[in-house]
Amino acid sequence: MREGAHRGRIAAFPAEETSQRATRGHGIPRTGPLRVGRKSTTREPIIQEPEAYEPQGSGDPEPEATRRDAGVTESARANRGWWDRNADEYQTDHGTFLGDDRFVWGPEGLDEVEAELLGPPEELKGRHVLEIGAGAAQCARWLAAQGARPVALDLSHRQLQHALRIGGSFPLVCADAGALPFADGSFDLACSAYGALPFVADPRLVLREVRRVLRPGGRFVFSVTHPIRWAFPDEPGPEGLSVSASYFDRTPYVEQDEQGRAVYVEHHRTLGDRVRDVVASGFRLVDLVEPEWPAWNTAEWGGWSPLRGNLIPGTAIFVCERD
């Protein structure tokens, strides 16, 4: 890891890709009523910082939603700005769902305590783990509690400020998932819960970078919106159960301002695309998990709901290993 990623502060590096999690379009953050871990301590006000940060004003016009091409640089710039502007509201609204030190793979509420996709918790002790698209670093905080040695990385500086607010004894790095500022073979494991992969124009760039920083035999587990969801409206009720678009239309979802500049971007890959990306980047796909909606989860989050979750998958989790 480059010099500068110290505990108690955020190490920042230039970025051209995106490493985000979203609440609009088809991508979402780690969500849902969670059954393990302590309750969140998130309360308003979130962070007081009067000079360095200027959030988007409430009087700004709503962006236009469209489907159009958006490349690597435009996607990164748009999503970095969106999360820096919206991190405060996101943490206020969803901090209780996320908790401070939980590791949840998606809105279904599948918890790493139960899933053990990174391995049994007792085997995480001493392992170097990179969390990509960490947000407020809830997953990294859970990993640290198991005795692992995590590093939390996100493209949004504001999200990582929330990680500082909650606290933790692990490094925070503000950098691009497509240009990881770490030496080859720095980590035993890597993970990303709805971070990075849904939002980059070139997912293979990120996958190859993750493979580079993993040691031989290392595992990378990432969750994304299940690709089938792109064929359905992003609605939690009955209106979200009818196919409205082609599953094979890979045109990005873009929100743009009045000048046509993207302010938020998501990229669609079919299930086959995701598998090919994994294999072409030098990983071996060892499992593909499609969590079922559990009876205990009665919450709705964006387009995720018990109604839809009982009928169609909402999350796809790819378990990959580097040979």
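Computed from a prediction, not measured in an experiment: that's the story for all the values here. (Residues numbered from 1 in each chain as written. Predicted model: local features only at pLDDT ≥ 70, side-chain atom pairs only at ≥ 80, totals over all residues. Heavy atoms only, no water.)

Caption draft 1: Broad picture of the side chain of S223. Mapping S223 onto the fold places it in strand β7 (residues 214–225). Reaching out from S223, the side chain makes a polar contact with the backbone oxygen of W105 at a distance of 2.9 Å. Once residues within four sequence positions are removed from consideration, S223 is found in contact with W105, S192, A193, Y194, G195, T315, A316 and I317. (Helix = DSSP H or I, 4+ residues; strand = E, 2+ residues; numbered from the N terminus. Polar contact = N/O pair within 3.5 Å; in protein donor to acceptor, adjacent residues only side chain to side chain. Contact = heavy atoms within 4.5 Å.)

Caption draft 2: View of the nonpolar core. Formed by 28 residues in total, the largest nonpolar core has its most connected members in L130, F182, V210, F220 and F222. When residues of this core are traced back to their parent elements, those giving at least two are β3 (128–132), β4 (149–154), β6 (187–193), α5 (203–213), β7 and β11 (315–322). If we ignore the near neighbours within four places in the chain, the residues touching F220 are I132, A190, C191, S192, L197, L207, V210, L214, F283, F318, V319 and C320. (Core = buried A, V, L, I, M, F, W, Y, C linked by side-chain atoms within 4.5 Å. Buried < 20%, exposed > 50% of the residue type's maximum accessible area, 1.4 Å probe, protein only.)

Caption draft 3: Structural detail: the sheet that holds strand β8 (residues 253–256). Ordered in space as β2-β8-β9, the 3 strands form an open sheet in which the pairing is antiparallel. Each edge of the open sheet is held by one strand with a lone partner, namely β2 (64–67) and β9 (262–266). Pairwise comparison of adjacent strand axes, ignoring direction, gives a mean angle of 20 degrees for this sheet. Inspection of the sheet shows β2 paired to β8 by 4 bridges, in the antiparallel sense. Residue pairing for β8: T66 is matched across the bridge by V254. Helix α1 (residues 72–98) contacts β8 and β9 of the sheet and is inclined by roughly 105 degrees relative to β9. (Pairing = 2+ DSSP bridges. Axes fitted to C-alpha atoms, helices over the stretch in contact; angles between N-to-C directions.)

Caption draft 4: Highlighting the pattern of salt bridges. With the rule as written, the count across this model stands at 14 salt bridges. In this structure, E321 and R219 form a salt bridge, with 2.5 Å as the shortest nitrogen-oxygen distance. Residue E321 is found in strand β11, and its partner R219 is found in strand β7; the two are separated by 102 residues along the sequence. Residue D277 pairs with R269 through a salt bridge whose shortest N-O separation is 2.7 Å. Classification of R269 as partly exposed rests on a relative accessible area of 23%. Via salt bridges that share partners, R219, R284, E321 and D323 belong to a single interconnected network. (Salt bridge = Lys/Arg side-chain N within 4 Å of Asp/Glu carboxyl O.)

Caption draft 5: Focus on the pairing of β3. Most of β3 sits out of view: 4 of its 5 residues are buried. After leaving β3, the chain enters helix α3 (residues 138–145) and then returns to the sheet as β4, a path that is right-handed. With 3 bridges connecting them, β3 and β6 associate as parallel partners. What sits directly across from E131, in β6, is C191. (Right-handed = clockwise from strand over helix to strand, strands pointing away.)

Caption draft 6: View of the environment of G260. For G260, the location among the structural elements is in the loop between β8 and β9. According to the relative accessible area criterion, G260 is partly exposed, its value standing at 31%. It is 8.5 Å that separates the C-alpha atoms of G260 and E64, two residues lying 196 residues apart in sequence.

Caption draft 7: Seen up close, the packing of α5 against helix α6 (residues 271–280). One way to put it is that α5 packs onto α6 with a least axis distance of 9 Å and a crossing angle of 40 degrees. Considering their axes alone, α5 and α6 lie oblique with respect to each other. Read as a crossing pair, α5 and α6 show a hand that is right-handed. Contact residues: P203, R204, L207 and R208 in α5; R274, R276, D277, V278 and A280 in α6. (Parallel < 35°, antiparallel > 145°, perpendicular 65-115°, else oblique. Left-handed = near helix turned anticlockwise from the far one by under 90°.)

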